[in-house]
Structure formats: C-alpha cells, structure tokens
Amino acid sequence: MIEDFFNLTNSYAMLPDIFYQKISPEPVKNPKLIKFNKSLSKELNIDPKKINEENGSLFFSGNVLPKSSKPLAMAYAGHQFGNFVPQLGDGRAVLLGELIAKNGDRYDVQLKGSGKTIFSRNGDGRSPLGPVIREYLLSESLHYLGIKSTRSLAIVATGEDVFRETKLPGGILTRIASSHVRIGTFEFFLFKNDIKSLKILADYTIKRHFRKISKKTPYKSLLKEVIKSQADLIAKWMSVGFIHGVMNTDNTAICGETIDFGPCAFMDYYNPRQVYSFIDEGGRYSYINQGKIMLWNLSKFAETLLPLLSSNLEEAKKEAIDCLELFPNYFEEKWLSSMRKKMGFLKKFKEDVNIISEFLEILKSEKMDFTQSFRKLSELIKNRENKYFQKNIKNISKFNSWSSKWSQRLSKENLKLSEISFQMNKINPVYIPRNHLVEKAIENAVFKNNFVVMNKLLEVIQDPFTEKSSMTKYSLSPKKKEIVPYTFCGT
Ligand code: AMP
Ligand code: MG
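Cut-offs and rules
- Residues numbered from 1 in each chain as written.
- Chains lettered and ligands numbered in written order.
- Predicted model: local features only at pLDDT ≥ 70, side-chain atom pairs only at ≥ 80, totals over all residues.
- Heavy atoms only, no water.
- Helix = DSSP H or I, 4+ residues; strand = E, 2+ residues; numbered from the N terminus.
- Buried < 20%, exposed > 50% of the residue type's maximum accessible area, 1.4 Å probe, protein only.
- Contact = heavy atoms within 4.5 Å.
- Areas by Shrake-Rupley, 256 points an atom, 1.4 Å probe, with all protein chains shown as cover.
- Patch = residues over 30% accessible without salt bridge, like charges linked within 9 Å, V, L, I, M, F, W, Y side chains within 5 Å.
- Salt bridge = Lys/Arg side-chain N within 4 Å of Asp/Glu carboxyl O.
- Lys, Arg positive; Asp, Glu negative; His and termini not counted.
- Charge placed at Lys NZ, Arg CZ, Asp CG, Glu CD.
- Pairing = 2+ DSSP bridges.
- Near = heavy atom within 4 Å.
- Polar contact = N/O pair within 3.5 Å; in protein donor to acceptor, adjacent residues only side chain to side chain.
- Donors = N, O, S within 2.8 Å, 3.2 Å for Na, K, Ca; no water.
- Expected span 1.5 Å × (residues − 1).
- Arc of directions from axis to C-beta.
- Phe/Tyr/Trp six-rings, centres within 6.5 Å; stacked < 30°, edge-to-face > 60°.
- Lys NZ or Arg CZ within 6 Å of the ring centre and 35° of its normal.
- Core = buried A, V, L, I, M, F, W, Y, C linked by side-chain atoms within 4.5 Å.
- Axes fitted to C-alpha atoms, helices over the stretch in contact; angles between N-to-C directions.
- Left-handed = near helix turned anticlockwise from the far one by under 90°.
- Nonpolar A, V, L, I, M, F, W, Y, C, P; charged D, E, K, R; others polar.
- Parallel < 35°, antiparallel > 145°, perpendicular 65-115°, else oblique.

Peer 1: Would you explain the overall build of the protein chain in this entry?
Peer 2: For the protein chain, the count of helices and strands is 16 helices and 12 strands. Considering only C-alpha atoms, the protein chain reaches an extent of 65 × 60 × 40 Å along its principal axes. A buried classification covers 57% of the 491 residues belonging to the protein chain. Summarising the internal contacts of the protein chain: among those between residues at least 6 apart in sequence, 72% fall at separations of at least 24. Accessible surface, the protein chain: about 21,800 Å² in total, of which carbon and sulfur atoms supply 52%.

Peer 1: Is there a simple way to explain a positive patch on the surface in this structure?
Peer 2: Residues Lys38, Lys42, Lys49 and Lys102 make up a contiguous surface patch of positive charge. Its location among the elements puts lysine 38 in helix H1 (residues 38-43). For lysine 38, a relative accessible area of 53% corresponds to the exposed category.

Peer 1: Sorry, what's going on with the pairing of strand E6 (residues 93-100) here?
Peer 2: Side-chain positions along a regular strand alternate between the two faces of the sheet. Extensive coverage of E6 is indicated by the burial of 7 of its 8 residues. Here E6 pairs with strand E7 (residues 106-112) via 7 bridges, running antiparallel. Note that in E7 the partner of leucine 99 across the bridge is tyrosine 107. Taking the residues that link successive antiparallel strands as the turn, the E6-E7 hairpin has 5 residues, and the phi of glycine 104 there is positive, at about 90°.

Peer 1: Honestly, the pattern of salt bridges in this entry has me stumped. Any pointers?
Peer 2: Pairs may arise between side chains of opposite charge once their charged atoms sit close together. Enumeration over the complete set of coordinates arrives at 31 salt bridges. Note that aspartate 124 and arginine 164 form a salt bridge whose closest N and O atoms lie 2.8 Å from each other. Of this pair, aspartate 124 sits in the loop between E7 and strand E8 (127-128) while arginine 164 is found in the loop between strand E9 (151-163) and strand E10 (167-177), placing the two residues 40 residues apart along the sequence. Overall, the relative accessible area of 28% leaves aspartate 124 in the partly exposed class. With relative accessibility at 28%, the residue arginine 164 sits in the partly exposed group.

Peer 1: What's the story with the site of ligand 1 in this structure? I'm lost.
Peer 2: Around ligand 1 sit 18 residues in total, of which Gly89, Gly91, Arg92, Arg121 and Gly125 are the nearest. Within the contact set of ligand 1, an oxygen atom lies 2.6 Å away from a backbone nitrogen or oxygen of glycine 89. Between ligand 1 and aspartate 260 there is a distance of 3.2 Å, counted from an oxygen atom to a side-chain nitrogen or oxygen. Burial of ligand 1 by the surrounding chains reaches 88%, relative to a free accessible area of 480 Å².

Peer 1: In this structure, what is going on with the coordination of the magnesium ion (ligand 2)? I would like to understand it.
Peer 2: In an ideal tetrahedron of four donors about a metal, each angle is 109.5 degrees. In an ideal octahedron of six donors, the angles are 90 or 180 degrees. The protein atoms that coordinate the magnesium ion (ligand 2) are Asn251 (OD1) and Asp260 (OD), at distances spanning 1.8 to 2.2 Å. Take asparagine 251 and aspartate 260: they sit in the same class, and that class is buried.

Peer 1: Before we go on, may I ask you to explain helix H10 (residues 352-365) in this structure?
Peer 2: Three or four residues apart is the spacing at which side chains of an α-helix point the same way, because the helix has 3.6 residues per turn. The terminal C-alpha atoms of H10, which comprises 14 residues, lie 20 Å apart, in line with the 20 Å expected from a rise of 1.5 Å per residue. Every buried residue belonging to H10 is among Asp352, Ile355, Ile356, Phe359, Leu360, Ile362 and Leu363, and all of these are buried. Seen end-on, H10 carries its buried residues on one side only, within an arc spanning 155°. Buried residues along H10 sit against helix H9 (327-343), helix H11 (370-382), helix H12 (387-392) and helix H13 (396-411). Lysine 367 sits one or two positions beyond H10 and adopts a positive phi of about 50°.

Peer 1: Looking at this structure, I do not really get the packing of aromatic side chains. What am I missing?
Peer 2: Each aromatic ring pair is summarised here by two numbers: the centre-to-centre distance and the angle between the ring planes. A full pass over the atoms with the stated rule returns 27 aromatic pairs. With a centroid separation of 5.4 Å and 45° between ring planes, the pair formed by phenylalanine 84 and phenylalanine 191 is classed as tilted. Here phenylalanine 84, found in strand E5 (residues 83-85), pairs with phenylalanine 191, found in helix H4 (residues 183-191); they are 107 residues apart in sequence, far enough to count as distant. On the basis of an interplanar angle of 10° and a centroid distance of 5.7 Å, the ring pair of phenylalanine 327 and phenylalanine 331 is categorised as stacked. One end of the pair is phenylalanine 327 and the other is phenylalanine 331, both in helix H9 and 4 residues apart, which spans about a single turn. Stacked on the ring of tryptophan 296, the Lys or Arg arginine 284 has its end atom at 4.9 Å from the ring centre. The positively charged end of lysine 412 is found above the aromatic ring belonging to phenylalanine 349, 4.6 Å away from the centroid.

Peer 1: Help me out: how do you make sense of the nonpolar core in this one?
Peer 2: Within soluble globular proteins, side chains that are nonpolar generally end up buried alongside one another. Counting 145 residues, the largest nonpolar core has Tyr12, Phe60, Leu377, Trp402 and Trp406 as its most contacted members. Of all the elements, helix H6 (residues 218-239) adds the most residues to this core, at 11 residues. If sequence neighbours within four positions are ignored, leucine 377 has contacts with Lys342, Met343, Phe359, Phe389, Trp402, Trp406 and Met424.

Peer 1: Please clarify how a nonpolar patch on the surface should be interpreted in this entry.
Peer 2: On the surface, a cluster of nonpolar side chains totalling about 350 Å² of accessible area is made up of Phe278, Tyr486 and Phe488. By the element assignment, tyrosine 486 lies in the segment after helix H16 (452-461).

Peer 1: Would you explain the environment of alanine 202 in this entry?
Peer 2: Residue placement: alanine 202 occurs in helix H5 (residues 195-209). Residues alanine 202 and tyrosine 219, 17 residues apart in the sequence, show an inter-C-alpha distance of 7.4 Å.

Peer 1: Would you mind showing me how to read the packing of helix H7 (residues 290-309) against H9 here?
Peer 2: Helix packing geometry: the angle between the two helix axes and the distance between the axes. Running from amino to carboxyl end, H7 crosses H9 at an angle of 145°, the nearest separation of the two axes being 11 Å. For the element pair H7 and H9, the recorded crossing hand is right-handed. Every residue of H9 that contacts H7 at Gly291, Met294, Leu295 and Leu298 is listed here: Phe327, Pro328 and Phe331. Within the contact of H7 with H9, the residues separate by chemical class into 6 nonpolar, 1 polar and no charged.

Peer 1: Help me out: how do you make sense of unusual backbone geometry in this one?
Peer 2: Most peptide bonds adopt trans geometry, and most residues besides glycine take a negative phi value. With a phi close to 70°, asparagine 45 is a non-glycine residue in the positive phi region. By the element assignment, asparagine 45 lies in the loop between H1 and helix H2 (53-59).

Peer 1: Even after reading the chapter, I still don't get H9, so can you show me in this structure?
Peer 2: With 17 residues, H9 should reach 24 Å at 1.5 Å per residue; the first-to-last C-alpha distance of 24 Å fits that figure. Looking one or two residues past H9, glycine 344 carries a phi angle of roughly 90°, positive in sign.

Peer 1: Looking at this structure, I do not really get the packing of H11 against helix H14 (residues 417-424). What am I missing?
Peer 2: It is at 9 Å that the axes of H11 and H14 come closest, and there the two elements cross at 175°. The orientation of H11 with respect to H14, classified from their angle, is roughly antiparallel. Facing Leu377, Ser378, Ile381 and Lys382 of H11, the residues of H14 in contact are Leu417, Ile420, Ser421 and Met424. The residue makeup of the contact of H11 with H14, split by class, is 5 nonpolar, 2 polar and 1 charged.

Written out as structure tokens, the structure reads:
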C-alpha cells in the first residue's frame, strides 16, 4: 500500500486549533515527478527504492496522502518590508506531518504550491514551476556549502497552468524543514494578545529546537539562542555572497535555517549594496544590510516574548534589550571568523580586520567577482604573479601592496603555504548557483521541458569546493550579455 510508505508523526497538529487550519492539498490534474532527492530521502528514513515516477507523482503532488498524515496550513503574521500584516499564514502550502530522521531529529514535510487555504487571501494557492526549481537549487546549494537551510525533497510538475503576468506551468515543491515556526508565528499570537497560545508556542519551540536551554529562564534563553543562531546564519550568508532578498519576519525561521527562496541570489561582482529583488527598490534587503535587518527582525521577536519574560513590563524590556545587545558582537565575531578562514588566517591578530576590509575595498572598486576572487587567493599564495588578479585589476600597485601585507600576515601562521592553501579551498567555494545559470536551468525546464541543464547544475553545486577542469564554465562570472540583474518573487 503506497499510503503506508511514510510514517509521519504530527506534533504540530496536536497544538490548539487556533494554530492552523486543518486542510488537505487540492489534487492536481496531471502530476509528474521531475526531481526526487535520493540522498535526502535516505537521511529521512525513506527508502528511495520504493519511490518511482508513478507513486512519487501521486505523493509529492498531494493527490495521495500517507495514512499517517494530518495535513494543515499554519497560521502566522509578519512584518513585510517593515509593515505589520496580522494574518499571513500558509496561503499555498500544507504541512503533511513530520518525519523522524536517521539522526533522531524531527523534520516537517511540507508541500508548497498545494492549493488554496483560508490564508490564501487573493492568491491562487499555487506556484509556477520556475520558483520551485529556484528554491530546490538554492536551498540544496546552501546545504552543500555548509549553511543551515530548509531542504528540497521533490519537485512535481502539476500539469496545470498558473496565471501570473503570463500563463506558466505549475509546480509543487516538497520542502523539508527542522520546523516552519517563524518569528511571524509568534507575532500572530502577540497581535491577538493571546498570551496563553504564545506560551504554548514558546514551549513547543523550546522542546523541539532548544532542549538543552536553562529551565530556570527558558524564555530569555530561547531569545538568546535564536539571536545566536541568526547571527551565525547571516554571517555565513555574507561569507558566500548570498542575498536572501526578502527578509521579512515571516521568512525568518526560529530553528535558524534559511527559509523562503523567492527573490534570493548569489552575488557575482562584489557590491555591498547589491540587490536582486525587483520589488526591493529602497535596498532594504541589500547584501550589506542583512545583519542590521536581522537585528530588526529579532527585536520584533523579542517584543513577542515580553509577556513571558516577566510580569513586570519594565523588567521584561530590560531582559529583552540585554539579549538584543548581544547580537552586534555575535554577528561581528561570526563574520570575522568566516572571513579570517577565507583569507587563510587560522590564528587571530588585530590587523586581520584591516586586511579583510582592504581586500573587499579592492574587490568593490575593481568590480571583481566575489566567489572567484576568494578562491583564487589560494593560488596567489603559491604565485604572486597570479594571472587572474593581473588580468582583472587595473590598480595593480595598490593590489600588490595589499598582497604583501597579506603574505606577511600569513607567515605568522607558521604553517606550510600548501597547508594554508588546502584549508582555504575547503571554505572558498568554486561553484555557486549563479543567477544566470539558475535562470538558464529554469528556462530550459519550464519552456523546453528539458531538465538536463537543471540536473547538471545540481550536480555541480553538490560538490562546491572541488575544482574540476570539465566544469570551468560553472565557476565563471557572467559575461556582460549574460548578466541577470533582477529576480522576481514569482508568487
Ligand atoms: P512569501 O512571499 O512566499 O513569503 O509569501 C508571503 C505570504 O503570501 C504568505 O502568507 C504566503 O502563503 C502568501 N502567498 C504567496 N503566494 C501565494 C499564492 N500564490 N497563493 C496564496 N497565498 C500566497
Ligand atoms: Mg514566506
């Protein structure tokens, strides 16, 4: 019986009714499984041999539900571009239940693009196939770069059209997350002044994600842990040039995973003010703003915890501010730690910050590719006349003066240069899903029914640190005519 393949548990469905709407996915006309993530399925205790095109199409479209599923759409609110919206919620997604993975952890299994719910507002509850492919590629890429992210288990083409500016083929993504609890989930209850539910949510979150925290001050510890994990996450994004693009509080997961890959992109040429999202005209979510914005989001999270921190509001505020004040240092530390490693510095010296900043300044003024420039540093160690820098830098004397300082600093490591360069290559990727490559993969899949380009790109990004001579084209920044300057949410 295919309905017995998945042994789902349903801890979220045990919470009070106000947390969700009980609802099944709306069946689709002609589902076709176009991608199944075998290695992730093994981690989740799903035997990939049991999944074939026929049953996979039925399951991952939501046309057939596992018997153990108690499907629901989660309620949440959120600040979108700084404005509060009291009711968002899963308007085009359904949580089927949770799987216990091989490592013992619990993971949500969610279908995204699965039809209307009470949270759909004016939306159709569906997703075009293009954004589904984008999310699959980018979330898997972050995972293989060692950055916490929701994962992608499957893509189904629905065989139905969705209507945006034009008619587009529809798709459904099976998203796997440590949980889908967001800052916006907490905001949902604070707005209603429903402190009882807020406490149930906080306790659920602690039990699910932060079991080890202090039993004496659970909510303060929860706040601190979330602050730490978000500082770590954003620092890691910055270290690979990732721009999320829509860091609304409903797109900030409490578990610390990257979530919602609407208009995100990896930066090619280094520009701290880079924005890809077509709707982000003011640059609120630009590359360099991401730390600041996360602190803003965390302050919204802290606000929701005030009623739980203390019955005395002034005391509660003080506790919250004490915690929030930790963020800048955590973030700076995490950022510096990643950047040091990218530079080949394993030890810590005061001068490191200047050396890193000067290098970034050169990348900016010379409009250099972020990913390639860092990767090529490991070659520069061996040969100071490295071709890449010689070719791309106009002000070569400035660069040479920087590179002397950098070499002197490297000598303080007391390590063989080959060892340093080996370590650097483990943190500076060769391959990222560059925007023009992602667009090409989507175009071929959506308009030509050709999934070869997508599969090839997936293969490349699953091993991002090993340079392969046959895959050079995936490591290069786009030529002028290839640049894709914008991304669209595509909702
Ligand atoms: P997002 O921009 O994907 O983070 O979504 C923001 C909000 O809009 C969430 O509540 C989504 O569920 C909802 N939403 C986005 N697209 C659709 C759609 N096509 N149909 C219904 N709701 C949607
Ligand atoms: Mg969202």
